[in-house]
Amino acid sequence: MIDEKLLVAQLKNSDTQEQAFRNLMSLYKERLYWHIRKIVLNHDDADDVLQNTFIKVFKNIHSFKENSKLYSWIYRIATNEAITFINKKAAKQHIDINELQHKITDNLHEDPHYSGNEIQQLLQKAIVTLPQKQQLVFNMKYFDEMKYSDISEILETSVGALKASYFHAVKKIESFLKSH
């Protein structure tokens, strides 16, 4: 277990910042990649968003107030970066975000970096039918096995609202899977 306060202090200190940032990246790179990937769905896009996330963290570490966990702050940045990215990508293609996500999930089998089977692909198709907030809550709770308290910090939403979102998401996914 890392000492977040020490890591933050090292990140904010110009003498130790470079090594601390390498440590931060090695700690969170893989988890953040998969969190972002579940939002943008595409490997190359996830890599781009991950890089943007770490750049933002590096540039803004001095404004981190430490009233939340470092982990939560970074996840919030990654989530916002991923959402901004897919919104821009949809706008460039002159389609809405739902249409973009459906298009990507329909072509997942062509992605050389996607190793899921038909059932996993169907689950992804079910997830993209959810409103964005329910997608986030479902992915963080179901796949990342995050605690509601951590999700609450990241999404800045009450635990009660998150539990309701997750419940509704599960019901909608079950309904989608039964009909396919």
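Numbering of residues begins from 1 in every chain and follows the order in which that chain's sequence is written. Under the rules for a predicted model, residues below a pLDDT of 70 receive no local features and side-chain atom pairs below 80 are neither given nor counted, while totals for whole chains, interfaces and linings still include all residues. Each side-chain value is worked out from all heavy atoms of the structure, with water and hydrogens disregarded.

## Focus: empty space enclosed by the protein
The condition is simple: Lining residues are defined by having an atom within 4 Å of a point belonging to a cavity or pocket. Those points lie on a 1 Å grid over the protein atoms alone, cavities being sets where a 1.4 Å probe fits but cannot get out and pockets being open sets with protein on both sides within 12 Å along at least five of seven lines. Grid points are joined across faces, edges and corners, and a volume is the space filled by probe spheres set on the points. Think of it this way: any DSSP run of H or I at least four residues long counts as a helix, any run of E at least two long counts as a strand, and we number them from the N terminus.
Applying the stated criterion across every chain, the model contains 1 cavity of 30 Å³ or more. As for the largest cavity, its lining consists of Lys 38, Ile 39, Ile 86, Gln 101, Gln 132, Gln 135, Leu 136 and Asn 139. Elements with a contribution of two residues or more to the lining of the largest cavity: helix H2 (17-40) and helix H7 (132-143).

## Section: unusual backbone geometry
Both trends apply: most residues other than glycine have a negative phi, and most peptide bonds are in trans. With phi around 70°, Leu 41 is a residue other than glycine that occupies positive phi space. Among the structural elements, Leu 41 can be located in the loop between H2 and helix H3 (43-60). Phi at His 94 takes a positive value of approximately 55°, unusual for a residue other than glycine. Tracing the backbone shows His 94 in the loop between helix H4 (70-92) and helix H5 (97-106).

## Regarding the pattern of salt bridges
Spelled out, the test is: Just to be clear on terms, a salt bridge is a Lys or Arg side-chain nitrogen sitting within 4 Å of an Asp or Glu carboxyl oxygen. Here's how the labels work: a residue is buried when its accessible area is under 20% of the maximum for its type, exposed when over 50%, partly exposed in between, all with a 1.4 Å probe on protein chains only.
A complete count under the given rule lists 8 salt bridges for this structure. Where Glu 18 meets Arg 22, a salt bridge forms, and the shortest distance between an N and an O atom there is 2.7 Å. With Glu 18 and Arg 22 both in helix H2, this residue pair falls 4 residues apart, about one helical turn. In this structure Glu 18 comes out as exposed when scored by relative accessible area, which is 57%. Of the charged contacts in the structure, one is a salt bridge between Glu 156 and Arg 76, with a shortest N-O distance of 3.6 Å. Linking Glu 156 in the loop between helix H8 (148-155) and helix H9 (159-179) with Arg 76 in helix H4, this pair joins segments that are 80 residues apart in sequence.

## Describing helix H6 (residues 118-127)
Let me state the cut-off plainly: Note on contacts: a residue pair qualifies if any of its non-hydrogen atoms lie within 4.5 Å across the two residues.
Taken residue by residue, H6 has Gln 121, Leu 123, Gln 124, Ala 126 and Ile 127 as its buried positions. Buried-residue contacts for H6 involve H5, H7 and H9.

## A word on the nonpolar core
Rule in force here: To form a nonpolar core, buried Ala, Val, Leu, Ile, Met, Phe, Trp, Tyr and Cys residues must be joined to one another through side-chain atoms within 4.5 Å.
Counting 54 residues, the largest nonpolar core has Leu 24 and Leu 70 as its most contacted members. At 11 residues, H4 tops the list of elements feeding residues into this core. Other than its neighbours up to four places away in sequence, Leu 70 contacts Glu 4, Leu 7, Val 8, Leu 11, Leu 24, Ile 61 and Phe 64.

## Here we look at helix H1 (residues 4-12)
Owing to its 3.6 residues per turn, the α-helix aligns residues three or four sequence positions apart on the same side. What counts, and what does not: This arc corresponds to the set of directions leading from the helix axis out to the C-beta atoms. Contacts described as polar in this section are N or O atom pairs within 3.5 Å, which, within protein, must combine one atom able to donate a hydrogen with one able to accept it, while residues neighboring in sequence count only if both atoms come from side chains.
All of the buried residues in H1 are Leu 7, Val 8 and Leu 11. Projected down its long axis, H1 carries its buried residues within an arc of 100°, all on one side. Where the residues of H1 are buried, they touch H2 and H4. The residue sitting at the N-terminus of H1 and contributing the capping side-chain oxygen is Asp 3; that oxygen lies 3.2 Å from the backbone nitrogen of Lys 5.

## Examining the side chain of Thr 53
Inspection of the secondary structure puts Thr 53 in helix H3. Those residues within four positions of Thr 53 in sequence are excluded, and the remaining contacts are Ile 36, Ile 74, Ile 77, Ala 78 and Glu 81.

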